[in-house]
Structure formats: C-alpha cells, structure tokens
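Breakdown of the fold
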Amino acid sequence: MLNRQGRPTAAGQASDNAHPTFTGNKALAQVEPLLFEIGRYETTGVDIDEPEAFAPRLGGMERTGEIGLPGLSEPEAMRHYVRLSQKNYGIDSGLFPLGSCTMKHNPRLNERMARLPGFGDVHPLQPVSTVQGALELMQELARYLMTLTGTQAVALSPKAGAHGELAGMMAIKAAIEAKGEGASRRTVLVPDSAHGTNPATAALIGFQVKAVPAREDGWVHVEDVKAALGPDVAAIMLTNPNTCGLFEPQIVEIARALHDAGGYFYCDGANFNAIVGKARPGDLGIDAMHINLHKTFSTPHGGGGPGAGPVVLSERLAPFAPVPFVRQGASGLELVEHADEAGEAQPFGRVTAFHGQMGMYVRALSYMLSHGSDGMRRASEDAVLNANYIRAGLADLMSQPFGDKPCMHEVLFDDTWLKDTGVTTLDFAKAMIDEGYHPMTVYFPLVVHGAMLIEPTESESKASLDLFIATLRDLAMAAKAGDRDRFVGAPYHAPRRRLDETRAARSPVLRWTPPAPVQEAAE
Ligand SMILES: *Cc1c(COP(=O)(O)O)cnc(C)c1O
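All values reported here derive from a predicted model rather than from experimental measurement. (Residues numbered from 1 in each chain as written. Predicted model: local features only at pLDDT ≥ 70, side-chain atom pairs only at ≥ 80, totals over all residues. Heavy atoms only, no water.)

1. Side note on the packing of aromatic side chains
So the rule is basically this: Planes of paired rings set the category: under 30 degrees apart is stacked, over 60 is edge-to-face and the rest tilted, where pairs are Phe, Tyr or Trp rings (Trp by its six-membered ring) whose centres lie within 6.5 Å. Each helix is a run of H or I in the DSSP string that is no shorter than four residues. Each strand is a run of E no shorter than two, and both are numbered from the N terminus. Each residue is placed in one exposure class: buried if its accessible area under a 1.4 Å probe, protein chains only, is under 20% of its type's maximum, exposed if it is over 50%, and partly exposed if it falls in between. Both a distance and an angle decide whether a charge sits over a ring: NZ of Lys or CZ of Arg must be within 6 Å of the ring centre and within 35 degrees of the ring normal.
If you walk through the whole model with that rule in mind, you get 7 aromatic pairs. Relative to Phe297, the ring of Phe272 has its centre 6.4 Å away and its plane inclined at 70°; by these criteria the two rings are edge-to-face. Linking Phe272 in the loop between strand S5 (264-268) and strand S6 (288-290) with Phe297 in the loop between S6 and strand S7 (311-313), this pair joins segments that are 25 residues apart in sequence. Like Phe297, Phe272 is buried. For the ring pair Phe428 and Phe487, a centre distance of 6.2 Å and an interplane angle of 10° mean the geometry is stacked. Taken together, the residues Phe428 in helix H11 (residues 425-434) and Phe487 in helix H13 (residues 485-488) connect sequence positions 59 residues apart. Summarising the burial analysis for this pair, Phe428 and Phe487 share the class buried. Through a chain of ring-to-ring contacts, the aromatic side chains of Phe272, Phe297 and Tyr367 assemble into a single cluster. When the ring centre of Trp219 is taken as origin, the NZ or CZ atom of Lys405, which lies over that ring, is 4.1 Å away.

Laid out in structure tokens, this is it:
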C-alpha cells in the first residue's frame, strides 16, 4: 500500500484494521517513516554557503562522492522528531510495572538542580580550582551512599549498574591478586535466579561461573552455598532483595560462610529501592554492591539516561577502589586521577574516561536531600506496600510460585493459572498493551515458569494501583473464561502488532537500503 507521497505505508498495518485509512495513520496516531525515507538529498534546513575552493590535506583520502545524508526543512525535522517522541511510552505517560527496573517518577526538582549552570555547564577538563562546588557535591553524594549502605568507600564513576558490577568485581579481583591468590581463586558463584549481567560480568574478567540453586521457596540456602565453596572460590554474586522479589533471609550466614572460606560477597544492589533506610547492606556482610542511581535514586532511565552505577565497597576492598576519586588536599578538594597519586591505596585502574555522570550525581543527591532520611525510608516502605497491595488484589486469580508469602518491592506470578486457557504469559502481556499499560517483566527470573514480575514502585497512587489491578483482573477473568481471541492477536490497537522479536534479535537489520523505485504505472 502506498501513501500520498507514493511511499509504502507501514508494512500492511492498515490492512489489519477493520477500517483501513489511506495514510496508514490511525486518527492522530501517525505513522512515521524513517528519516531516509522522507528526507531528500538535495534539501537542507540551513543555509550554508558553498565552501571556497581549497586544497584538501587528506592525501587522497578525501570523500569524492555525495555524502548521502537526507535533509529536511526545519518544520519537517521538528515533526519527525516530535512524532517519534510521541511513540515512546515512558513513566511520564503511565504506570510502568517493569519488574527489577524500578521505573519510578523522577521529581522535576532534581531536573532543575541538574540544570543549574554551575553543574550543568561544567567541563571535565576545567581546572579543579574552578569546580570545587561540583567536587564537594560528589563528596557529599559519596558520603550519603556510604551512610545508607554502611560501607567504607564508593567509586562513583561507573555509568550503569552492569558497569558498577564490573568495577566491584575488578576490585575483588585486585584484592585477591594482592593476597597472591589470583591463580587459585578463579570461581564466582552465581544463583540461577540472578540477573544475566552477573554471570556476564564474572565471565568478562576471566572468572569461571558456577551456579548455585535458588530453592523451591525462592531463596538461596546457606547449605547450597557452603557445598559450592572451596579454595577456588573468589566471590558470590547475590541479589538482595532477590529477583523473585524476596528478601534473602540467610544473607548474613551466606556472607559469613563466604568470608570464612576466604571469598568476597558481591551484592547486586539493583533492588536497593526496597530496603533504603531500613537495612544497611554493609551490616549484612557485603563487600561490594552497585547502586543504580537511575533506579533507587530516581534519575532518568534508558533513553532518558545516561545512567549511573556507583559501587560501594567494604573496608577490605576500599584500598582497591578505582580512580578517579575526590580527596581533601592542602588547597581544597582534588580529584585523584592516577594510581601513583593515591598514597597508601592501590587502585585497580579506572573504568571511565573522566569522572562519571555529573548530572546524575546532582539528581540523586537532590532526591536524597529533598526526601531526607525519613522520606527515603518511607519510600521503601511504600514501594513494598504497593507491591503487596497488587499481590493481594490478584492472588485469587493469578498463581504465585513461592506460596502466599509477602513480597518486597515487586511481586512475582507464574503461568500455572493460565494452564489450559490457551493463553501464554506473552499473550497476556501483549493484551495489557491494548489496555494502555506497558507490560510487566516477563519470563524473568528464569527459575519461574512463565514469570510475570510486577514492580509498581512507591510513586503510584492508590487510584492508579486500583485501576491497574482492575484491568489485570478483567484480563485474567477473560483468559479463564476462554476469550482467547482477546489475547492471541494482541496488541490489536498498537501502531505495530506482534513483532518477530526472535528474528529482530537474531538477525537485526542495521543498514537501510533504498527500496526499488516506485512504479507509477502500477497505480
Ligand atoms: C537493572 C539491573 C542490573 C543492571 O543495571 P543496568 O543499570 O541496567 O546496567 C543488574 N541487576 C539487576 C537485578 C537489575 O535489575
């Protein structure tokens, strides 16, 4: 099908519709072709004079052909990007129950603070004497993170949770090497309920990964950890609260067992939102833990990023923290950039070109200061309360894999309740899109069949949770009543229907090629 410009409309989408439109648009939801499809090579939105003749100094390497970038006029460019932005579903458009991701409201106050010129306009290569305020803010944020976690050091620079994992595990590796055990301690234990980044991180820096089971009750048991421990074990990477939404009740015993066996305890802190102000991971025996500022401390996620994943370290690992870090010097605060300036410490190196994400540091500290310690504790309590409210609201219809025990900040369902309905977890998630909700996390954690992991966060109101529960109840009852049609073709109302996600992941099309010229005669 062709639209008015004679270009193909979004691959047959309109024909799925009972009332196909000429343009392929659905009312004010407009299809938006690629820039390459609408742009013209001869067009530009700016007036630039032809360059004067000059002799290139590229030794024959200069481009001779057309650059091949499509151009748009200013209004066309504006519309293109605004339409694209409107296709995005974000936390500012609605509830975003993606488990393990903590998609919560980012208070606008934090945005204001991050845009203050003294923070927003600093340059990483500015003389340190001109950025004393920014360094002080970094030091203050570090102090808060150490206070909230009960740890002795923090590396602020990692730029994501997974990057913080890498920095923390590199500190562990450096500590092991400093003890002369680098050649013997080469195994890292990872529970089979872990987030995929945990085994990936361990493998990336040369450790062998050994799985520890998560039991029927969703917990990691100290006997299983002890059975896997030996002189070859460098560390365990454990998430707490874990990816099943449960607090690990044996965490203190697990930490002790690791330490007795000469290993280190890496805690994946992505779920810190559930326990801030209630428990300090340092008191539980952890040696390293990354904190996703973009989850717990409400800095923007994903496309709204960049993220930040500071990693806190125990006293045993503190000397190995990477550069750069802020230190009080004789004439003010200084940024220690090189290992040989670090005094007694033995930094393992550095993980970022500069000092990390300044804008995220400002947002996170603004969040902490505006909430206060009581506010942060209240936020964790409300996150847990909201998840349990959803659990209670759906428990009679949807099955929970670990019995009817209370959860932390996210609630996990499995697909036992969908048995014999002909509806799968995926179908159910897709039908949620028709109802205007971003689906929850599905098929993770892997230890649960057909998992659905819902994390409402503390930033949803009771009215919002009630509507969400009512919607899921309506869908669940429809599935049980045999209304398979509502699910198998869903989403029916989205601009795109079901995509072949496997093909998209396995053979992504990364290069645009011009379509064959449109045949006028075909009309
Ligand atoms: C989000 C998450 C990570 C990774 O964090 P990124 O910031 O996305 O790199 C690791 N572990 C768990 C449990 C997570 O939820």
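From this point, the narrative continues.
2. Considerations on the UniProt feature "domain: Glycine dehydrogenase C-terminal" (unreviewed entry) in the chain
Basically, it comes down to this: UniProt positions are given in the numbering used here, feature names are shortened, and annotations may be inferred rather than shown by experiment.
Summarizing the sequence annotation, UniProt attributes the feature "domain: Glycine dehydrogenase C-terminal" (unreviewed entry) to residues 379-476 in the numbering used throughout. End-to-end, the C-alpha atoms of residues 379-476 are 30 Å apart, and along that stretch the chain is 42% helix and 8% strand.

3. Regarding H11
Counted residue by residue, H11 has 8 buried out of 10 residues, so it is predominantly covered. Restricting attention to buried positions, one finds in H11 the residues Thr425, Asp427, Phe428, Ala429, Lys430, Ala431, Met432 and Asp434. Positive backbone phi, approximately 90°, marks Gly436, located one or two places after H11.

4. A look at the sheet that holds S7
This is how it is decided: Strand pairing is assigned whenever DSSP identifies at least 2 bridges connecting the two strands. Axis lines are fitted to C-alpha atoms, over the contacting stretch for helices. Their N-to-C directions set the angle, which ranges from 0 to 180 degrees. Any pair of residues with heavy atoms lying within 4.5 Å of one another is described as a contacting pair.
Read across the open sheet, the 7 strands follow the order S1-S7-S6-S5-S4-S2-S3; overall the sheet is mixed. The outermost strands of the open sheet, each flanked by one partner alone, are strand S1 (153-155) and strand S3 (208-212). Between one strand axis and the next, the sheet turns by 25° as a mean value, whatever way the strands run. As judged from the 3 bridges shared by strand S2 (residues 187-191) and strand S4 (residues 233-239), these two strands associate in the parallel manner. Paired with Leu189 across the two strands is Ile236, which belongs to S4. Each of S2, S3, S4 and S5 touches helix H7 (residues 197-204); the most contacted strand, S4, lies at about 155° to it.

5. Quick word on empty space enclosed by the protein
What counts here: As defined here, a cavity is a set of points on a 1 Å grid over the protein atoms alone where a 1.4 Å probe fits but cannot get out. A pocket is an open set with protein on both sides within 12 Å along at least five of seven lines, and residues line them when an atom is within 4 Å of a point. Grid points are joined across faces, edges and corners, and a volume is the space filled by probe spheres set on the points. Residues were grouped as follows: Ala, Val, Leu, Ile, Met, Phe, Trp, Tyr, Cys and Pro as nonpolar; Asp, Glu, Lys and Arg as charged; and all remaining residues, including Gly, as polar.
Scanning all chains against the criterion turns up 2 cavities of 30 Å³ or more. Space inside the largest cavity adds up to approximately 80 Å³. Around the largest cavity, the lining residues are Cys244, Leu246, Gln400, Pro401, Phe402, Gly403, Lys405, Pro406, Cys407, Glu410, Val411 and Leu412. Of the voids in this model, the second largest cavity is the one considered here, and its volume is about 40 Å³. Around the second largest cavity sit Lys104, Asn273, Val276, Thr296, Phe297, Tyr367, Met376, Ala379 and Ser380, which together line it. Grouping the constituent residues of the lining of the second largest cavity by class yields 5 nonpolar, 3 polar and 1 charged.

6. As for the site of the ligand
The condition is simple: One heavy atom within 4 Å of a molecule or strand is enough for the residue carrying it to be called near that molecule or strand. The term polar contact refers here to a pair of N or O atoms within 3.5 Å; inside protein, the definition further demands a hydrogen-donor-capable atom paired with an acceptor-capable atom, and it admits residues adjacent in sequence only when both atoms are side-chain atoms. Each accessible area is a Shrake-Rupley estimate made with a 1.4 Å probe; only the visible protein chains count as cover when residues are assessed.
Around the ligand, the surrounding shell consists of Ser100, Ala160, Gly161, Ala162, Glu165, His195, Thr197, Asp268, Ala270, Asn292, His294 and Lys295. A distance of 2.5 Å separates a nitrogen atom of the ligand from a polar atom in the side chain of Asp268. Here an oxygen atom of the ligand and a side-chain polar atom of His294 are 2.7 Å apart. Within the complex, the protein chains bury 86% of what would otherwise be the 380 Å² of accessible surface of the ligand.

7. Remarks on the sheet that holds strand S11 (residues 441-442)
Two modes of strand pairing occur in sheets, parallel and antiparallel, and in both the strands are linked by backbone hydrogen bonds. Strand order in the open sheet made by the 3 strands is S10-S12-S11, with antiparallel pairing throughout. Whereas interior strands pair on both sides, the edge strands pair on one side only; in this sheet they are strand S10 (411-413) and S11. In the sheet, S10 pairs with strand S12 (residues 452-454) via 3 bridges, with the strands oriented antiparallel. Counterpart to Leu412 in the pairing with S12 is Leu453. Sitting on the sheet, helix H10 (residues 358-394) is in contact with S10 and S12, with an inclination near 30° to S10.

8. A closer look at the environment of Val509
Positionally, Val509 belongs in the segment after helix H14 (501-506). Spatially, the C-alpha atom of Val509 lies 42 Å from that of Asp287, the residues being 222 residues apart in sequence.

9. Details of the pattern of salt bridges
Stated formally: Here a salt bridge means any side-chain nitrogen of Lys or Arg lying within 4 Å of a carboxyl oxygen belonging to Asp or Glu.
All chains considered together, the criterion is met by 23 salt bridges. Of the charged contacts in the structure, one is a salt bridge between Asp382 and Arg378, with a shortest N-O distance of 3.4 Å. You can see Asp382 and its partner Arg378 sitting in helix H10, 4 residues apart, about one turn around the helix. Given a relative accessible area of 51%, Arg378 falls into the exposed group. Close ionic contact of Asp396 with Arg473 constitutes a salt bridge, the shortest N to O distance being 2.8 Å. One end of the pair, Asp396, is in the loop between H10 and S10; the other, Arg473, is in helix H12 (residues 462-480), with 77 residues separating them in the sequence. Overall, Asp396 belongs to the exposed group, its relative accessible area being 53%.

10. Re the environment of Asp382
Asp382 gets classed as partly exposed once you look at its relative accessible area, which sits at 23%. Placed 123 residues apart in sequence, Asp382 and His259 show a C-alpha to C-alpha distance of 34 Å.

11. What about the side chain of Asp287?
Counting through the fold element by element, Asp287 comes out in the loop between S5 and S6. Engagement of the side chain of Asp287 in a polar contact is seen with the backbone nitrogen of Phe265, the distance being 2.8 Å. At 3.3 Å, the side chain of Asp287 forms a polar contact with the side chain of Arg316.

12. Notes on the layout of surface pockets
The space that makes up the second largest pocket amounts to roughly 580 Å³. Looking at the second largest pocket, it is lined by 18 residues, and the ones nearest its centre are Glu50, Pro51, Arg63, Glu66 and Ile67. Counted by class, the lining of the second largest pocket contains 8 nonpolar, 5 polar and 5 charged residues.

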